Amino acid sequence: MSPTSPASASADILLRKLSEFMQEHVYPAEAEVAAWQNDPQTRWLPCPRIEALKAQARDAGLWNLFLPDAEHGAGLSNRDYAPMAEQMGRVLWASEVFNCNAPDTGNMEVLAHFGNTDQKTKWLSPLLRGEIRSAFAMTEPEVASSDATNIALSIRTDGNDYVLNGRKWWITGAGDPRCAILIVMGVTNPEADKHARHSMVLVPMNTPGVRIARALEAFGFDDAPSGHMELVFENVRVPKSNLIGAEGSGFALAQARLGPGRIHHCMRLIGLAQRAQELMIERAKSRIAFGKPLGAQGMAQEMIALSHCEIAQARLLTLNAAAMLDAGGNKAAKNEIGMIKIVAPRMALQVIDRAIQLFGAEGLQHPFLPHAWVGARCLRLVDGPDEVHITSLARGLLK
Ligand SMILES: Cc1cc2nc3c(=O)[nH]c(=O)nc-3n(C[C@H](O)[C@H](O)[C@H](O)COP(=O)(O)OP(=O)(O)OC[C@H]3O[C@@H](n4cnc5c(N)ncnc54)[C@H](O)[C@@H]3O)c2cc1C
């Protein structure tokens, strides 16, 4: 078994099944999905082709593969799931087909680990079935949100209710008409120690006072229909039973949620970069400049060879982080998760940029490359900017 295969034989069979599904059903749907997502009339609505693929994937047993908990998910280790997430990452929308897309995956994990029975019945079950979507609302425009202790949205107690006031932005998934539930982080205990001030509360999207202020764009991409929304909370009232875990546990829950989430992003980035490299090779074989194919020119060869090395390095680091997470949990894998979160987006950006360069001007309006580059660029910020991971890794090493 190769070091990049899943660790267990049963997961290897599942990976093969997933790869076949990608070949037979997902790649052939790319043009139709792109047409839907580019049409101003339809782009903010769920794509019927993706919905049909979801039903097929579920019937094929390719569903909730991300969740190590065998009661609710496929029961795979992170190490076994990693090569599968890589396959899904090759198409920007493919993880949703297998109910393995962020931010729903992280939200399902929070509910599976920390939700009570009622919360699981009401929100986790329909999320696991793929009937609704969700969003995670932490970042705020007014404060440096890379430092989670800054989060300021107010969650005030009023009898048996909480009343929320504040503003969030870059809330992925909140634009989707199927987004039914938000996990909102805010301040419940302003006088407590800064790591014990925050809590997470479930807020149904249709609660009075929740308003979408606008859809945000990353370099012109709005990622409809999930979107990245700016949300306003004005006297939003929810029962206290919507609290996840204990009051003051928000910071700890955020840390728990982000460990596997970060690693999943990196796994998908490896697939994204791998696909860019394959496109680069195809182009290098077919495009003739100065009397010979680009692939016969030294500088193009260097781009291809270096990309191959860098993808392989990042893949092995990711698999190592996944194995550490399985063996010892978030705390034990802290440095390894930080390392891959620093390395994978930069690697993918470099590889995709080379592919764009090799495609010439066509690279700038290619159906895959520019969106892939923007996705990788966002991941130098999402779930904590590089600098936070670099600082924390360096501190750990200096200790
Ligand atoms: C496409 C996209 C999707 C997102 N989805 C979500 C979502 O679903 N939910 C959600 O809550 N948020 C989401 N975010 C927000 C993202 O998580 C935040 O942007 C990120 O955590 C950084 O917070 P900030 O923007 O407030 O930057 P700030 O905290 O203001 O930081 C700005 C910059 O300061 C520098 N910096 C910060 N700390 C340090 C340090 N210790 N040392 C040196 N320099 C430092 C870094 O360069 C950093 O980029 C998304 C963002 C994007 C781009």
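Residues numbered from 1 in each chain as written. Predicted model: local features only at pLDDT ≥ 70, side-chain atom pairs only at ≥ 80, totals over all residues. Heavy atoms only, no water.

Undergrad: Explain the overall build of the protein chain to me, please; I cannot follow it from the model alone.
TA: When you go through the protein chain residue by residue, the secondary structure sums to twelve helices and ten strands. Taking 21 Å as the expected radius of gyration for a compact globule of 399 residues, we find that the protein chain reaches 21 Å, a close match to that expectation. Judged by the C-alpha coordinates and their principal axes, the protein chain covers about 80 × 55 × 40 Å. Within the protein chain, the fraction of its 399 residues that count as buried is 52%. Put simply, 73% of the contacts in the protein chain that link residues at least 6 apart link residues at least 24 apart. (Helix = DSSP H or I, 4+ residues; strand = E, 2+ residues; numbered from the N terminus. Rg over C-alpha atoms; globule rule 2.2 N^0.38 Å. Buried < 20%, exposed > 50% of the residue type's maximum accessible area, 1.4 Å probe, protein only. Contact = heavy atoms within 4.5 Å.)

Undergrad: Is there a simple way to explain the site of the ligand in this structure?
TA: The environment of the ligand is formed by 20 residues, the closest being Phe136, Thr139, Ser146, Trp170 and Thr172. Between the ligand and the protein, one listed contact pairs an oxygen atom with a backbone N or O atom of methionine 138 at 2.9 Å. For the ligand, whose free accessible area comes to 990 Å², the fraction covered by protein is 68%. Contributions of two or more residues to the shell around the ligand are made by strand 3 (161–172) and helix 12 (386–398). By residue class, the composition of the shell around the ligand is eleven nonpolar, seven polar and two charged. Domain assignment of the residues forming the shell around the ligand places at least three in each of domain 2 (133–244) and domain 3 (251–398). (Near = heavy atom within 4 Å. Polar contact = N/O pair within 3.5 Å; in protein donor to acceptor, adjacent residues only side chain to side chain. Areas by Shrake-Rupley, 256 points an atom, 1.4 Å probe, with all protein chains shown as cover. Nonpolar A, V, L, I, M, F, W, Y, C, P; charged D, E, K, R; others polar. Domains from an automatic or database assignment.)

Undergrad: Looking at this model, I keep getting lost on the nonpolar core. Mind explaining?
TA: The nonpolar side chains of a soluble globular protein tend to be buried, and buried together. Of all hydrophobic cores here, the largest spans 90 residues; its most connected members are Leu65, Tyr81, Met84, Trp93, Phe98 and Ile352. With residues near it in sequence (within four places) discarded, isoleucine 352 still touches Leu272, Ala276, Leu369, Ala372, Trp373 and Ala376. Counting 21 residues, the second-largest nonpolar core is a separate cluster that includes Tyr162, Ala174, Leu182 and Val210. (Core = buried A, V, L, I, M, F, W, Y, C linked by side-chain atoms within 4.5 Å.)

Undergrad: How do you make sense of helix 4 (residues 78–89) when you look at a structure like this?
TA: Along an α-helix, residues three or four positions apart point the same way, because every turn accommodates 3.6 residues. In a regular helix each residue adds 1.5 Å, so twelve residues correspond to 16 Å; helix 4 covers 15 Å between its end C-alpha atoms and thus fits that length. A large share of helix 4 lies buried, amounting to eleven of its twelve residues. Along helix 4, the residues classified as buried are Asn78, Arg79, Asp80, Tyr81, Ala82, Pro83, Met84, Ala85, Glu86, Met88 and Gly89. Buried residues belonging to helix 4 abut helix 1 (9–26), helix 5 (94–97), helix 8 (250–286) and helix 9 (298–332). (Expected span 1.5 Å × (residues − 1).)

Undergrad: Just to check I follow, could you spell out the pattern of salt bridges for this structure?
TA: When the charged atoms of two side chains with opposite charge come close together, those side chains can pair. Overall, the coordinates contain 23 salt bridges when judged by the stated rule. When the shortest N-O distance is used, the salt bridge between glutamate 30 and arginine 275 registers 2.9 Å. A residue pair is termed long-range when its members are at least 10 positions apart, and glutamate 30 in helix 2 (residues 30–38) and arginine 275 in helix 8 qualify at 245 residues. On the accessibility criterion, glutamate 30 (22% relative accessible area) is partly exposed. One salt bridge in this structure joins aspartate 161 and arginine 237, with 3.1 Å as the shortest N-O distance. (Salt bridge = Lys/Arg side-chain N within 4 Å of Asp/Glu carboxyl O.)

Undergrad: In this structure, what is going on with the side chain of aspartate 222? I would like to understand it.
TA: One can find aspartate 222 in the loop between strand 6 (210–215) and strand 7 (228–239). At a separation of 2.9 Å, a polar atom in the side chain of aspartate 222 contacts the side chain of arginine 43. Here alanine 224 takes part through its backbone nitrogen, which lies 3.1 Å from a polar atom of the side chain of aspartate 222. For aspartate 222, the residues in contact, after removing those within four places along its chain, are Arg43, Trp44, Leu216, Glu217, Gly227 and His228.

Undergrad: What should I look at first to understand the domain arrangement of the protein chain in this one?
TA: What the domain assignment lists for the protein chain is domain 1 (9–102), domain 2 (133–244) and domain 3 (251–398). Taking only C-alpha atoms into account, the centre of domain 1 sits 27 Å from that of domain 2. Here domain 1 and domain 2 share an interface that buries about 830 Å² over both sides, 51% of which is from carbon and sulfur atoms. For domain 1, the biggest contributors to the area lost against domain 2 are Arg43, Trp44 and Pro46; these three give 62% of the whole. Between the two partners, domain 1 and domain 2, sit four salt bridges. For aspartate 222, the salt bridge identified is with arginine 43, shortest N-O distance 2.9 Å. Here the residues of the side of domain 1 that touches domain 2 sort into three nonpolar, three polar and four charged. (Buried area = accessible area lost by both parts, 1.4 Å probe.)

Undergrad: Just checking my understanding: could you explain the pairing of strand 1 (residues 133–137) for this structure?
TA: Within a regular strand, side chains alternate between the sheet's two faces. Burial analysis of strand 1 places five of its five residues in the buried class, which makes it a mostly covered element. Residues of strand 1 alternate between two faces, with Arg133, Ala135 and Ala137 on one and Ser134 and Phe136 on the opposite face, all of them buried. Across five bridges, strand 1 lies against strand 4 (residues 179–187) in parallel orientation. For serine 134, the partnering residue across the bridge sits in strand 4 and is isoleucine 181. (Pairing = 2+ DSSP bridges.)

Undergrad: Explain the packing of aromatic side chains here, please?
TA: Between two aromatic rings, the relevant description is the distance of the centres plus the angle of the planes. Taken as a whole and assessed by the stated rule, the structure comprises three aromatic pairs. Aromatic side chains tryptophan 169 and tryptophan 170 sit 6.5 Å apart centroid to centroid with 65° between the ring planes, which places their arrangement in the edge-to-face category. Measuring from ring centre to ring centre gives 5.6 Å for phenylalanine 219 and tryptophan 373, while their planes differ by 70°; the resulting arrangement is edge-to-face. Taken together, the residues phenylalanine 219 in the loop between strand 6 and strand 7 and tryptophan 373 in helix 11 (residues 369–378) connect sequence positions 154 residues apart. (Phe/Tyr/Trp six-rings, centres within 6.5 Å; stacked < 30°, edge-to-face > 60°.)

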